[in-house]
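One letter stands for each residue in the lines below.
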Amino acid sequence: MALTTRRRALTTLGAALAGAVALPATDAFAGEHQHRPRPLWRAHAHNDYEHPRPLLDALDHRFGSVEADIFLVGDQLLIGHTADDLDPTRTLESLYLAPLAARVKANRGSVYRGHRAPLQLLIDIKTEGSSTYLELDRQLRRHKHLFTTYTHGRVLPGPVTAVISGDRAARAPMEAQTVRRAFYDGRLADLGSAAPASFISLISDNWTLNFTWQGVGAFPDAERQKLRGIVRAAHGRGQKVRFWATPDLAGPARDALWGELLAAGVDYLNTDDLAGLEAFLDAHRSA
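As the structure is a prediction and not an experimental result, all values here were calculated from the model.

Colleague: Quick rundown of the nonpolar core? Include the residues and the values.
Modeller: Within the largest apolar cluster, 63 residues are counted, with the highest numbers of intra-cluster contacts made by Leu92, Tyr96 and Phe243. Considering every element that reaches this core, the biggest residue donor is helix H3 (residues 92-106), with six residues. For tyrosine 96, the contacting residues outside a window of four places in its chain are Asp48, Tyr49, Pro54, Leu55, Val66, Glu67, Ala68, Ile79, Thr91 and Leu121.

Shown next as structure tokens:
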């Protein structure tokens, strides 16, 4: 009887010790998860492939959107800014599609673990749009569980949303598809057109062609109202908004313009300066 009682006491003590050991580790993990910096969904890495570690540098800075320029060479989609930059080892598959697929698998179905919103992959077509898109579509289909998909009138969310920009000849084969794993990057001329957000998910345009203000002095009220009207119209149709060619030299002018974009509800802030935009958005977290 004494032996049985002793065994029970040892078992109880062992359980208590196991609990004491397990609790700090569990608490530490929970705390790490709770304090992990949130993704910066409004941060767009312009010409992302020019950074030392394409895609990975942007993800380390928690960006919500990255941009890759593609050229069709044979049956390969090569990454670069101009034809002179191309390297046969730097493909869309090797720099973006395969790493994203591996990361999503490791993170249990999302690019950023614990955050279900999709990363935007903006793919800028630099060669003839129709033929390049058809090859791109073939490559996207190899990763069928990775991408947000339009299928017979429905949009099925995925870990990554591919948006096609660049040569406008890509539009025709895209519109003809009843199932596709990419969406179209419209221009301001497309705002309010018959094309729905299930096709044109993003409205992008050149800031300097639509606004005179470059962040110095006061933002003209007429231009502020124009900007907010654009965002209001796009959001009313379920579309997001981005401007390129905004000032990108660190300083008060860039901060002022970024501040106006945030205040207007622009969805993506365009930059080559990953650390600069990360710091700005962290400082304006409530915006």
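Colleague: So what's going on with the environment of threonine 161? Residues and values would help.
Modeller: Relative to the assigned elements, threonine 161 resides in strand S7 (residues 160-166). What makes threonine 161 buried here is its relative accessible area of 15%. The spacing of threonine 161 and threonine 148 is 13 residues in sequence and 5.0 Å in space, taken between C-alpha atoms. If sequence neighbours within four positions are ignored, threonine 161 has contacts with Pro118, Leu119, Gln120, Leu121, Thr148 and Phe183.

Colleague: So what's going on with the sheet that holds strand S5 (residues 149-151)? Residues and values would help.
Modeller: In spatial order, the strands read S6-S5-S8; together these three strands make up an open sheet with antiparallel pairing. In the strand order of this sheet, the two ends are held by strand S6 (154-156) and strand S8 (179-180), each with one partner. Bridge analysis of S5 against S8 gives two bridges, and the strand direction is antiparallel. Across the sheet, the residue bridging to tyrosine 150 is arginine 180, located in S8.

Colleague: Give me helix H9 (residues 274-283): which residues, what numbers.
Modeller: An α-helical turn contains 3.6 residues, so a residue and the one three or four places further along point in the same direction. Buried residues of H9: Leu274, Gly276, Leu277, Glu278, Phe280 and Leu281, and no others. Among the structural elements, strand S1 (40-45), helix H2 (56-60), strand S2 (63-73), helix H8 (252-264) and strand S12 (269-271) are those in contact with the buried residues of H9.

Colleague: Give a detailed account of the packing of helix H7 (residues 221-236) against H8, specifying residues and quantitative values.
Modeller: Look at H7 against H8: their axes get within 9 Å of each other, and the N-to-C directions meet at 45 degrees. The pairing of H7 with H8 is recorded here as oblique in orientation. Here H7 runs over H8; the crossing is right-handed. For the pair H7 and H8, contact is made by Arg224, Leu227, Arg228 and Val231 and by Glu260, Leu261, Ala263 and Ala264, respectively. Classifying every residue of the contact of H7 with H8 gives five nonpolar, no polar and three charged.

Rules behind the numbers
- Residues numbered from 1 in each chain as written.
- Predicted model: local features only at pLDDT ≥ 70, side-chain atom pairs only at ≥ 80, totals over all residues.
- Heavy atoms only, no water.
- Core = buried A, V, L, I, M, F, W, Y, C linked by side-chain atoms within 4.5 Å.
- Buried < 20%, exposed > 50% of the residue type's maximum accessible area, 1.4 Å probe, protein only.
- Helix = DSSP H or I, 4+ residues; strand = E, 2+ residues; numbered from the N terminus.
- Contact = heavy atoms within 4.5 Å.
- Pairing = 2+ DSSP bridges.
- Axes fitted to C-alpha atoms, helices over the stretch in contact; angles between N-to-C directions.
- Parallel < 35°, antiparallel > 145°, perpendicular 65-115°, else oblique.
- Left-handed = near helix turned anticlockwise from the far one by under 90°.
- Nonpolar A, V, L, I, M, F, W, Y, C, P; charged D, E, K, R; others polar.

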